[in-house]
Amino acid sequence: MAMAQWFLLLCIFFISASASNVQTKVTDNPADELVAVLNSNRTGNKLSSLYSNPGLACLALQYIKAYQGECSAVGGPDAKKPAESEFAETFAPNCDVKASSLAQITGRFLACQSKYAEPSEAFNDILIRNSKSLDILNSKNHTEVGTAVSGSDGGGPYFWCVLFSNGKPKSSFVTEGGEPKVTRPGCFSGANDQCNGANTLSRIIHLWPIALGSFVALLYAL
Ligand SMILES: *[C@@H]1O[C@H](CO)[C@@H](O)[C@H](O)[C@H]1NC(C)=O
Ligand SMILES: *[C@@H]1O[C@H](CO)[C@@H](O)[C@H](O)[C@H]1NC(C)=O
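Remember, it's a predicted structure, so these values are computed and weren't measured experimentally. (Residues numbered from 1 in each chain as written. Chains lettered and ligands numbered in written order. Predicted model: local features only at pLDDT ≥ 70, side-chain atom pairs only at ≥ 80, totals over all residues.)

*Asks:* Hey, could you run me through the overall build of the protein chain in this one?
*Replies:* Scanning the protein chain from terminus to terminus reveals seven helices and six strands. Scanning the protein chain from its N terminus toward the C terminus, one meets helices and strands in the order α-α-β-α-α-β-α-α-β-β-β-α-β. Scored against the burial criterion, the 222 residues of the protein chain give a buried share of 40%. Pairs at least 24 residues apart make up 80% of the contacts formed inside the protein chain by residues separated by at least 6 positions. (Helix = DSSP H or I, 4+ residues; strand = E, 2+ residues; numbered from the N terminus. Buried ≥ 20, exposed ≤ 12 C-beta atoms within 10 Å, placed from the backbone. Contact = placed C-beta atoms within 7 Å.)

*Asks:* What am I meant to see in the nonpolar core here?
*Replies:* When a protein is soluble and globular, its nonpolar side chains tend to lie buried together. In this structure, Leu-59, Ala-60, Ala-148 and Cys-161 are the most contacted members of the largest nonpolar core, which totals 53 residues. The element contributing the most residues to this core is helix 3 (residues 54-65), with eight residues. Once residues within four sequence positions are removed from consideration, Ala-60 is found in contact with Gly-146, Thr-147, Ala-148, Cys-161, Val-162, Leu-163 and Phe-188. (Core = buried A, V, L, I, M, F, W, Y, C linked by C-beta atoms within 7 Å.)

*Asks:* For this particular structure, what's the right way to read the packing of helix 3 against helix 4 (residues 85-95)?
*Replies:* The relative placement of two packed helices is expressed as an angle between their axes plus a distance between the axes. Interhelical geometry of helix 3 versus helix 4 gives an angle of 115° and a closest axis separation of 9 Å. Of the two possible hands of crossing, helix 3 and helix 4 adopt the one that is right-handed. Contacts from Gly-55, Cys-58, Leu-59, Gln-62 and Tyr-63 of helix 3 reach helix 4 at Phe-87, Thr-90, Phe-91, Ala-92, Asn-94 and Cys-95. (Axes fitted to C-alpha atoms, helices over the stretch in contact; angles between N-to-C directions. Left-handed = near helix turned anticlockwise from the far one by under 90°.)

*Asks:* Sorry if this is basic, but what is going on with the site of ligand 1 here?
*Replies:* Near ligand 1 the following residues occur: Asn-41, Gly-44, Asn-45, Asn-124 and Ile-128. When grouped by side-chain class, the residues that make up the shell around ligand 1 number one nonpolar, four polar and no charged. (Near = placed C-beta within 6 Å. Nonpolar A, V, L, I, M, F, W, Y, C, P; charged D, E, K, R; others polar.)

*Asks:* Would you explain the environment of Thr-143 in this entry?
*Replies:* Turning to its location among the elements, Thr-143 is positioned in the loop between helix 6 (131-137) and strand 3 (144-152). The class for Thr-143 is partly exposed, based on 18 C-beta atoms found within 10 Å. Taking C-alpha positions, Thr-143 is 7.2 Å from Lys-168, a pair spaced 25 residues apart along the chain. Setting aside chain neighbours within four positions, we find Thr-143 in contact with Leu-50, Tyr-51, Ser-165, Asn-166, Gly-167 and Pro-169.

*Asks:* Honestly, helix 2 (residues 30-44) in this entry has me stumped. Any pointers?
*Replies:* One full turn of an α-helix is made of 3.6 residues, so residues set three or four places apart face in the same direction. For helix 2, spanning 15 residues, the distance from its first C-alpha to its last is 21 Å, which sits close to the expected 21 Å at 1.5 Å a residue. The complete set of buried residues in helix 2 reads Pro-30, Ala-31, Asp-32, Glu-33, Leu-34, Val-35, Ala-36, Val-37 and Leu-38. Along its buried surface, helix 2 packs onto strand 1 (51-52), helix 3, helix 5 (119-127), strand 3, strand 4 (155-165) and strand 5 (187-188). (Expected span 1.5 Å × (residues − 1).)

*Asks:* What should I look at first to understand the environment of Glu-33 in this one?
*Replies:* Locating Glu-33 in the fold gives a position in helix 2. By C-beta crowding, Glu-33 is classed as buried, having 24 other C-beta atoms within 10 Å. Along the primary structure Glu-33 and Ser-120 are separated by 87 residues, whereas in three dimensions their C-alpha atoms are 7.8 Å apart.

*Asks:* I tried to follow the pairing of strand 3 on my own but got confused; where do I start?
*Replies:* Residues in a regular strand point their side chains to alternate faces of the sheet. Burial analysis of strand 3 places nine of its nine residues in the buried class, which makes it a mostly covered element. Burial of strand 3 is two-sided: the residues Glu-144, Gly-146, Ala-148, Ser-150 and Ser-152 facing one way and the residues Val-145, Thr-147, Val-149 and Gly-151 facing the other way are all buried. Direction of pairing for strand 1 relative to strand 3: parallel, over a ladder of two bridges. Paired with Ser-52 across the two strands is Val-145, which belongs to strand 3. Two elements, strand 3 and strand 4, share eight bridges in a ladder whose sense is antiparallel. (Pairing = 2+ DSSP bridges.)

Written as structure tokens, this is what we have:
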């Protein structure tokens with residue numbers, strides 16, 4: 001009996017040790033973790049791993065901010081989408097991304113939920129929910145990806161945005177100099193930016209009133 005318990009404990013120890021080894025490959029940043037989950041799903045399906053482009057990811061965070069925390073504008077009957085011209089006129093300048101380096105967006109996911117979800121849960125349960133979203137995920141047209149995760153003022157709702165592009169890695173979505181501008185709240189992928197904890201993901205830690213229940217909205221498009 002005692003022996004069996006030790007064995008179990010050792011197993012748990014080894015499992016958690018190997019899990020933390022895997023995690024050291026990504027920054028402490030839920031957006032980087034989302035890219036890792038997404039790329040391992042693609043490579044699991046024998047598709048190419050996508051380049052994690054920080055400039056594209058910064059635009060993904062701007063895309064979230066365009067919704068101003070309004071979850072009902074993401075999906076459903078009142079759904080809205082930022083105009084395509086916003087990329088060049090607003091998102092790129094806010095990120096210091098050169099307008100001349102913008103490339104085509106070949107797919108996008110945007111989801112919003114009242115509760116926070118870990119990146120793998122956000123990927124499996126929120127973002128990839130039907131065959132249409134699987135088609136976008138598995139498209140051979142993409143060469144690079146950028147993701148962003150953000151809470152809103154007061155904690156939730158939480159937004160996840162994934163942008164895919166067919167641009168040339170390293171020469172598309174490039175900044176005027178150095179890394180794209182980091183703005184809070186919110187985290188974006190590819191910038192080696194540690195992004196976790198109280199003031200990063202959403203400005204104020206706040207528990208969503210349970211009475212409101214939980215909701216989720218999803219937009220996916222090419
Ligand atoms: C990729 O993700 C989808 C959606 O969660 C899942 O159904 C599928 O099994 C995953 N594939 C691989 C190879 O991980
Ligand atoms: C890939 O790109 C082609 C040409 O632009 C387009 O017709 C097709 O729908 C795209 N496929 C996917 C899965 O996005």
